[in-house]
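# Per-entry structural report
Chain by chain, the residues:
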Amino acid sequence: MAKSKFEYVRLYELDDKLLKNVWMVVRIDGKGFHKFTQDHNFQKPNDLSALNLMNDAAKGVMSNLQDIFMAYGQSDEYSFVFKRSSTLYGRRSSKIISTVCSMFTAHYVFNWGKHFDQPLIYPPSFDARVVLYPVVRDVRNYFSWRQADCHINNLYNTCFWALVQMGNLSTSEAEKRLNGTFSSDKNEMLFSEFSINYNDVAEIYRKGSTLIWGETACDDGRTRKILQLLTSDIIGDSFWLEHASQLDNSLSDPQ
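We now turn to the structure provided with this report. (Residues numbered from 1 in each chain as written. Predicted model: local features only at pLDDT ≥ 70, side-chain atom pairs only at ≥ 80, totals over all residues. Heavy atoms only, no water.)

### Some points on the pairing of strand 3 (residues 77–82)
What counts is decided by this rule: With a 1.4 Å probe rolled over the protein chains alone, any residue whose accessible area is under 20% of its type maximum counts as buried; one over 50% counts as exposed, and the rest are partly exposed. Note on conventions: DSSP H or I runs of at least 4 residues are helices, E runs of at least 2 residues are strands, and numbering of each starts at the N terminus. In this scheme, strands are said to pair when DSSP sees at least two bridges between them.
Counting buried positions over the 6 residues of strand 3 gives 6, a clear majority of the element. On strand 3, burial covers both faces: Glu-77, Ser-79 and Val-81 on one face and Tyr-78, Phe-80 and Phe-82 on the other are all buried. As judged from the 5 bridges shared by strand 1 (residues 23–30) and strand 3, these two strands associate in the antiparallel manner. Looking at the pairing, Arg-27 lines up with Ser-79 of strand 3. Where strand 2 (residues 68–74) lies against strand 3, 6 bridges are found, and the strand directions are antiparallel. Paired with Ala-71 across the bridge in strand 3 is Phe-80. Joining the antiparallel neighbours strand 2 and strand 3 is a turn of 2 residues, in which Ser-75 adopts a positive phi near 55°.

Here it is, written out as structure tokens:
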């Protein structure tokens, strides 16, 4: 880059490099998505097309940024965890956050027509943040937190919309009915009043979506990397043991 007398202004830029040897987790969240989902007539309590669109957007991010080894999404959010050894953009926080967020938004808009017949009324937007985690336990607990949040929110929403759509309550009446209830109360309400066994609700709604890298065999005998979409439990040990060969290199603690 050619130098000029104006180049001194670069000195005002902050040095925002993230710590080395820790895992970077970038989480994006839909901005104003309560209104966005209403204006675009998303189905309640869950819209499978909307979740599939989120998954496609996340796949687009991971395909372009292969330092991301795992992602988890639910509702209008997605979390991406980078390899501890990643040197993407010199680990500059602002560049990593802005790239993930803009890339996710671009793929969301690009894939919209694949999932919805209705055109976009106005463009969606997302915000993002990055958080650093020093040990494997924290990374696992982060994903456990997000999946637990998925379960809590989906159980509430399933009850809420059952009361509105099947019980003919107003939204304020449904809120009042659910106020102070526990998970056991909500499960009993769904089963006794609406014949809904919450365990029969699709896993993608109850447990969210997990993306990890896998391999598939090619016709020439070689293998190539592919993204695997899973809707399984990630709080217990089973997921981490089953996919240890895919995750161990990325989830090994510093020596």
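### So, unusual backbone geometry
In this structure, the amide linkage connecting Lys-44 to the following residue, Pro-45, adopts the cis form with an omega of 5°. Inspection of the secondary structure assignment puts Pro-45 in the loop between helix 1 (33–39) and helix 2 (48–64). Despite not being glycine, Asn-21 shows a phi value in the positive range, around 60°. Secondary-structure assignment places Asn-21 in the segment before strand 1. Phi angles above zero are rare outside glycine, and Asn-168 is one such case at about 60°. For Asn-168, the location among the structural elements is in the loop between helix 5 (136–165) and helix 6 (171–178).

### Thoughts on the packing of aromatic side chains
One pair of aromatic rings is described through two measures. These are the centre distance and the angle between the planes. As a reminder of what qualifies: Ring geometry is summarised as follows: Phe, Tyr and Trp rings, the Trp one being its six-membered ring, pair when their centres sit within 6.5 Å, and such pairs are stacked at plane angles under 30 degrees, edge-to-face over 60 and tilted between the two. By the criterion adopted, a ring carries a charge over it if an Arg CZ or a Lys NZ lies within 6 Å of its centre and within 35 degrees of its normal.
Inspection of every chain in the model, using the stated rule, returns 22 aromatic pairs. Ring centres 5.4 Å apart and planes at 80° place the aromatic pair Tyr-142 and Phe-143 in the edge-to-face group. The burial state of Tyr-142 is the same as that of Phe-143; both residues are buried. Centre to centre, the rings of Phe-160 and Trp-161 are 5.2 Å apart; their planes meet at 85°, and the pair counts as edge-to-face. Relative accessible area serves as the criterion here: at 21%, Trp-161 is assigned to the partly exposed category. Taken together, the ring pairs connect Phe-33, Phe-36, Phe-42, Tyr-78, Phe-80, Phe-104, Tyr-108, Trp-112, Phe-116, Tyr-122 and Phe-126 into an aromatic cluster. Taking the ring centre of Trp-213 as reference, the NZ or CZ of Lys-225 above it sits at 4.4 Å.

### Remarks on the pattern of salt bridges
Let me state the cut-off plainly: We count a salt bridge whenever a side-chain nitrogen from Lys or Arg sits within 4 Å of a carboxyl oxygen from Asp or Glu.
Applying the stated rule across the entire model yields 14 salt bridges. Between Lys-3 and Glu-7 there is a salt bridge, and its shortest N-O distance comes to 3.9 Å. Residue Lys-3 is classed as exposed on the basis of its relative accessible area, which comes to 71%. In this structure Glu-7 comes out as partly exposed when scored by relative accessible area, which is 23%. Close ionic contact of Arg-146 with Asp-149 constitutes a salt bridge, the shortest N to O distance being 3.1 Å. Of this pair, Arg-146 and Asp-149 both sit in helix 5, 3 residues apart, which is roughly one turn of that helix. A relative accessible area of 22% places Asp-149 in the partly exposed class. Shared partners join several salt bridges into a network, and the residues in it are Arg-27, Asp-29, Asp-127 and Arg-129.

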